[in-house]
Every structure is written in structure tokens, then in C-alpha cells.
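# Geometric and topological summary
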Amino acid sequence: MQFEIIAIEAGVSRVVLSGRADAAAVDGVEAALNAQIHASGGHVVLDLAGVPFMGSLGIRLLISLARTVARRSARIAMTGVQPQVLEVFETMALLDLIPHAPDHEAALALLAG
Amino acid sequence: MSLGPIGGVRDEMDLPLLLESRALAAAQRQLGDFLAAGGCATEVRFRVELVVEEVVMNIIRHAHPHGATRAMLRVRWVHGQVAIAIEDNGPAFDPLAAPLRPLEGALVGHHEGGFGLHLIRRHCDAAQYDRVGEVNRLELTFGPRTA
């Protein structure tokens, strides 16, 4: 799994994750991703369009990111989640913590509140 | 005997598992190739890989530190369904009977664990646990979902 963080406008970063989010992959990126999210500041849009698989460790990683963002009183939203991954998120009630938007513009609207 | 995909395609496979997450990733690739070769629906394959990930990571994280030294993943086609058996020689543990933490607490509290058991129970179609001698054996069945 890989990630890229792009500043898209004042106070909002887009975090693009790509590849399978299995246990080994999450182990490989967790520390660096958390550190960069912590340093980024502002709201976060998570783009998961390139993630075809995510298990419980991936979900834990997303929760950790959401907490980091919440601690600075910012908001986080997801977009592009593939249907089967979205089904897992729904059964795990993750969408209560990180809302999902159908596209990038809708995600920005969620962040704007 | 296992009955599954059309003749000529391998219909069963046994994979010894090293108890380490990178080895699991490699085993998942082999499992995915096996299922794809048998014509497994993408939706079923996703659920199989998801549940195998959770069961084996439980063994790696919780049984390995307490004595588990080996595990085996067995997969076969049975009447068009995917039958998985996962065995390990760790302490007795039934993932189907272990208490579940409420999801709400796991999401907002400081204990982020406990998702794996939810995923295991919700994403297979049938499951049975047995302690056979010194071995945990978890049998899981996956078939196309109609609803």
C-alpha cells in the first residue's frame, strides 16, 4: 500500500491511499502516514478509490487518522470507497465516525459542514 | 473427495503458514490465484480473503506469543462453495464463541481491537470450531450470496 498527501486548498489535504490494505501493508505505512497527517493540519479527505481490500488493521488505521484530525478540531471524510470495502465499513459502523461522500466535491461539502 | 469447478482445475490446496504478516500476504496471493482459477465470484473471493486475514492475524498476534508454532490453511471447492479450514497448534481458542466488544466502544474508545471477530462472524456463510487434540480447527464455508 502507498499513500500520497496533496494540499488541495487552504486548510484541506487530500490523502490518496492505493493498494491492498492488508496487515503487512498497514504495518508498512502506519507510522509514516500518521506522522504526516499529524503534520499536515486542517481537514482531510481520504481518497480510497485505489484500495480494493481492507481488513481490521486497515480500519484501525483509519480510526487512528480520524482521531488525529479530531484532536485538532478538524474534520475528515472519505471518498471513492470501492463497493465491497464500503460494505465492510457499513457493517463495522465506521461511517458514523468517518462519513463517506460519493465524490470529491461532496466530500469537501461535508468538511465545510 | 471435493467437488467443485470444472475438471482440469485444481480443486484443493493446502498452504502451510508461517506466522508472520508478510508470509500471510504471500499466502493470500496464492489463495486468490487458486480461487480465481476456479472461477470464484469476486464478491465471494473478497469475503474469503477478508475472513482468512482476520483469523490468521488473530493467530499471529494472540496465539503465536503463547506457543503457536505452526498453522495450516486448507481450501477446497465443495459443490460450488469454497470450504476453508484453518488449523493452528496454539492454546484453545474459539473465535466463534469469544465475546464480542461492542462496535461503538471500539470506534470511540481507546481499545481499537475486536473488529476481527466481528468480520469473521459476519462475512462467512457457515462456520464451525473444533479442538482436535492440541489443534484449533476452524472450518468456514463461503458461497454466492443471493440477497
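Residues numbered from 1 in each chain as written. Chains lettered and ligands numbered in written order. Predicted model: local features only at pLDDT ≥ 70, side-chain atom pairs only at ≥ 80, totals over all residues. Heavy atoms only, no water.

Our focus in this paragraph is the overall build of chain A. Of regular secondary structure, chain A possesses four helices and five strands. Along chain A, helices and strands appear, N-terminal first, in the series β-β-α-β-α-β-α-β-α. Here chain A has a C-alpha radius of gyration of 13 Å; the compact-globule value for 113 residues is 13 Å, and the two agree. With the C-alpha coordinates aligned to their principal axes, the bounding extent of chain A is approximately 35 × 25 × 20 Å. The proportion of buried residues among the 113 residues of chain A is 48%. A separation of at least 24 residues holds for 69% of the contacts in chain A among residues at least 6 apart in sequence. When the accessible area of chain A is evaluated, it comes to approximately 4700 Å², of which 53% is carbon and sulfur surface. (Helix = DSSP H or I, 4+ residues; strand = E, 2+ residues; numbered from the N terminus. Rg over C-alpha atoms; globule rule 2.2 N^0.38 Å. Buried < 20%, exposed > 50% of the residue type's maximum accessible area, 1.4 Å probe, protein only. Contact = heavy atoms within 4.5 Å. Areas by Shrake-Rupley, 256 points an atom, 1.4 Å probe, with all protein chains shown as cover.)

Assignment of secondary structure puts Ser21 of chain B in helix H1 (residues 21–37). On the basis of relative accessible area, Ser21 of chain B is assigned to the buried category, the value being 12%. Other than its neighbours up to four places away in sequence, Ser21 of chain B contacts Ala23, Ala24 and Asp27 of chain A together with Met57 and Ile60 of chain B.

Residue and element names in this part refer to chain B. In total, this model carries 13 salt bridges over all chains according to the counting rule given. Taking the shortest distance from any N to any O, the salt bridge between Arg47 and Glu43 comes out at 2.6 Å. Residue Arg47 and its partner Glu43 are both found in helix H2 (residues 42–63); the two are separated by four residues, about one turn of the helix. On the basis of relative accessible area, Glu43 is assigned to the partly exposed category, the value being 26%. Between Arg131 and Glu134 there is a salt bridge; the shortest N-O distance is 3.9 Å. According to the relative accessible area criterion, Glu134 is exposed, its value standing at 60%. (Salt bridge = Lys/Arg side-chain N within 4 Å of Asp/Glu carboxyl O.)

Residues and elements named next belong to chain B. Taking strand neighbours across the sheet as the criterion, the five strands line up as E1-E2-E3-E5-E4 in an open arrangement whose pairing is antiparallel. Sheet topology places strand E1 (12–17) and strand E4 (126–132) at the edges, where each strand pairs with a single neighbour. Across the sheet, the axes of successive neighbouring strands diverge by a mean angle of 15 degrees, strand direction being ignored. When E4 meets strand E5 (residues 135–142), the two strands line up antiparallel, connected through seven bridges. Looking at E5, one finds that Ala126 is bridged to Thr141. Relative to the sheet, H1 contacts E1, strand E2 (71–78) and strand E3 (81–88), its axis offset from that of E1 by approximately 175 degrees. (Pairing = 2+ DSSP bridges. Axes fitted to C-alpha atoms, helices over the stretch in contact; angles between N-to-C directions.)

Our focus in this paragraph is the packing of H2 of chain B against helix H4 (residues 115–123) of chain B. All names here are of chain B. Between H2 and H4, whose axes approach to 9 Å, the crossing angle comes to 140 degrees. Considering how the two elements wind past one another, H2 and H4 form a crossing that is left-handed. Contacts between H2 and H4 pair Arg47, Leu50, Val51, Glu54, Val55 and Asn58 from the former with Gly116, Leu117, Leu119, Ile120 and His123 from the latter. Residue composition of the contact of H2 with H4, grouped by class: six nonpolar, three polar and two charged. (Left-handed = near helix turned anticlockwise from the far one by under 90°. Nonpolar A, V, L, I, M, F, W, Y, C, P; charged D, E, K, R; others polar.)

It is common to give the size of an interface as the accessible area that goes away when the parts come together. On the chain A side, the residues contacting the 27 residues of chain B number 25 residues. Regarding the contact of chain B and chain A, the summed buried area is about 2200 Å², with carbon and sulfur atoms giving 59% of it. Our count for the contact surface shared by chain B and chain A stands at one salt bridge. In this structure, the salt-bridge partner of Arg20 of chain A is Glu49 of chain B, at a minimum N-O distance of 2.8 Å. (Buried area = accessible area lost by both parts, 1.4 Å probe.)

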